[in-house]
Amino acid sequence: MHKGIFITGTDTGVGKTFITRLLVVALRQLGIPAVGMKPFACGDRLDAETLSGANEGSVELGLVNPVWMQVPAAPYAASLIENRPLDVDSARSAFQTLTAQYPIVVVEGVGGWRVPLTDQLCMSDFAVELGLPVLVVCANRLGALNHTRLTVDAIRSRGLPLAGLVWNEPACGEPDPAQITNRAVMEHLLPGVLQPEIPYGASSIAPEFVRRIFGLEKATEGLPPFSC
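Small disclaimer: the values here were computed from a predicted structure and weren't measured.

Trainee: Quick question: what am I supposed to make of the sheet that holds strand S7 (residues 162–168) here?
Mentor: Sheet strands line up and pair through hydrogen bonds in the backbone, either parallel or antiparallel. Here 6 strands make up an open sheet; going across it, the order is S2-S5-S1-S6-S7-S8 and the pairing parallel. The two strands at the open ends of the sheet, each matched to only one other strand, are strand S2 (35–37) and strand S8 (197–198). Of the strand pairs in this sheet, S7 and S8 are connected by 2 bridges, and their pairing is parallel. By the bridge assignment for S8, asparagine 168 is matched with isoleucine 198. This element, helix H5 (residues 88–101), spans S2 and strand S5 (105–108) of the sheet and lies at about 175 degrees to S2.

Trainee: I would appreciate a short explanation of the pairing of strand S1 (residues 4–9) in the present structure.
Mentor: Taken residue by residue, a regular strand's side chains alternate between the two faces of the sheet. Of all the 6 residues making up S1, 6 are buried; the element is thus mostly covered by neighbouring parts of the structure. Of the two faces of S1, the one holding Gly4, Phe6 and Thr8 and the one holding Ile5, Ile7 and Gly9 are both buried throughout. Where S1 lies against S5, 4 bridges are found, and the strand directions are parallel. Looking at the pairing, glycine 4 lines up with valine 105 of S5. By the bridge criterion, 4 bridges tie S1 to strand S6 (residues 134–139) in an arrangement that is parallel. Paired with glycine 9 across the two strands is valine 137, which belongs to S6.

Trainee: What's the story with the nonpolar core in this structure? I'm lost.
Mentor: Taken as a class, soluble globular proteins show a tendency for nonpolar side chains to be buried jointly. In terms of nonpolar packing, the biggest core is built from 45 residues, with Phe6, Phe40, Leu98, Val107, Leu117, Phe126 and Leu165 touching the most fellow members. By residue number, the principal contributor to this core is H5, which donates 5 residues. Setting aside residues up to four positions removed in sequence, phenylalanine 126 forms contacts with Pro39, Phe40, Val88, Ala91, Arg92 and Leu117. Grouped together as the second largest cluster of nonpolar side chains are 28 residues, Leu23, Ala54, Leu135 and Ile198 included.

Trainee: I'm lost on unusual backbone geometry in this one. Help?
Mentor: With glycine set apart, most residues show a phi of negative sign, and most peptide bonds adopt trans. Non-glycine residue glutamate 56 carries a positive phi angle of around 60 degrees. Its location among the elements puts glutamate 56 in the loop between helix H2 (46–54) and helix H3 (61–64). With a relative accessible area of 61%, glutamate 56 lands in the exposed category. Despite not being glycine, asparagine 83 shows a phi value in the positive range, around 60 degrees. When you line up the elements, asparagine 83 lands in the loop between helix H4 (75–82) and H5. By relative accessible area, which is 69% here, asparagine 83 ends up exposed.

Trainee: Any chance you could explain the packing of helix H7 (residues 144–157) against helix H8 (residues 177–189) here in plain terms?
Mentor: Here H7 crosses H8 at 35 degrees, and the two axes come no closer than 10 Å. The element H7 and its partner H8 pack so that their crossing is right-handed. Of H8, the residues touching H7 (which contributes Ala144, Leu145, Thr148 and Arg149) are Asn182, Val185, Met186 and Leu189. Here the contact of H7 with H8 is built from residues that sort into 5 nonpolar, 2 polar and 1 charged.

Trainee: Would you take a moment to explain the packing of aromatic side chains for this structure?
Mentor: The way to describe two aromatic rings as a pair is by their centre distance and the angle between their planes. The tally for this structure, following the rule as stated, stands at 2 aromatic pairs. A ring pair is formed by phenylalanine 6 and tryptophan 113, whose centres lie 6.3 Å apart and whose planes are at 75 degrees; its orientation type is edge-to-face. On the criterion of sequence distance, the pair formed by phenylalanine 6 in strand S1 and tryptophan 113 in the loop between S5 and helix H6 (123–130) is long-range, its members being 107 residues apart. Measuring from ring centre to ring centre gives 5.1 Å for phenylalanine 40 and phenylalanine 126, while their planes differ by 75 degrees; the resulting arrangement is edge-to-face. Remark: phenylalanine 126 occurs in helix H6 and phenylalanine 40 occurs in strand S3 (residues 40–42); sequence separation between them is 86 residues. Note on accessibility: phenylalanine 40 and phenylalanine 126 belong to one class, buried.

Rules of the game
Residue positions are given per chain, counted from 1 along the sequence in the order it is written. Selection of residues for local features in this predicted model requires a pLDDT of at least 70, selection of side-chain atom pairs for listing and counting requires 80 or more, and totals for whole chains, interfaces and linings are taken over all residues. Excluded from the side-chain calculations are hydrogens and water; all other atoms, namely the structure's heavy atoms, are used. For two strands to count as paired, DSSP must find a minimum of two bridges between them. A run of DSSP states H or I qualifies as a helix once it reaches four residues; a run of E qualifies as a strand once it reaches two. Both are numbered from the N-terminal end. Any two residues having at least one pair of non-hydrogen atoms within 4.5 Å are treated as being in contact. Here an axis means a line fitted to C-alpha atoms, over the contact stretch when the element is a helix, while the angle between two N-to-C directions is reported on a 0 to 180 degree scale. Relative accessible area decides the class of each residue, using a 1.4 Å probe on protein chains only: under 20% of the type maximum gives buried, over 50% gives exposed, and in between gives partly exposed. By nonpolar core we mean a set of buried residues, namely Ala, Val, Leu, Ile, Met, Phe, Trp, Tyr and Cys, connected to one another through side-chain atoms within 4.5 Å. With the far helix as reference, a near helix turned anticlockwise by less than a right angle produces a left-handed crossing, and one turned clockwise produces a right-handed crossing. Polar here means any residue outside two lists: the nonpolar Ala, Val, Leu, Ile, Met, Phe, Trp, Tyr, Cys and Pro, and the charged Asp, Glu, Lys and Arg; Gly therefore counts as polar. Only rings of Phe, Tyr and Trp enter the pairing, Trp through its six-membered ring, and a pair is recorded when the two centres are within 6.5 Å. The plane angle decides the type: under 30 degrees is stacked, over 60 is edge-to-face, the rest tilted.

From the geometry alone we can't say anything about function, so treat these as descriptive.
Printed below as a string of structure tokens:
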């Protein structure tokens, strides 16, 4: 069983917190005291507070989100505007504390895979330090195929396992041709990669998907993708 998973996205605002919360809640419903954390937050702290709620208050907010920049920008930009360095060591320490106390930690990144944290460090570098399998949240919309392939290629180039892709419906309404075909196309391009599709506003995620992502049971080869 993995000690955790790292959640990245094809862009900002694609639903990383939404998916992270669903995963933590699902794991807890399976009897596993998992916790979610967001090492870096910029702007408001709503994402961290959402994860704190999913953790059922078991972790103080300062560990859920150890680094908070108040400027709503990329972390490096926010640190320049606020004229204070990003405290990456606090994020590392919080992760180590949580992994020592909980069997699974679901780590939500900030922005996309290559968002700069400092002038020397990107989100991808921090993910490599953690060494967790990576789950990519893809907003199911026009342009997602390009963004997804770029993200997957970048993850694999860093030697990290790809845990899967999650196709998140960003809005309700009649789907367009891209939304209808995105997952099927990517399943053809990336055979064998787990790719569930999460409907807009879903309140839960399929337990089978959660078990496969976190290695809670041996995956069966050829098993069809799961949806909520």
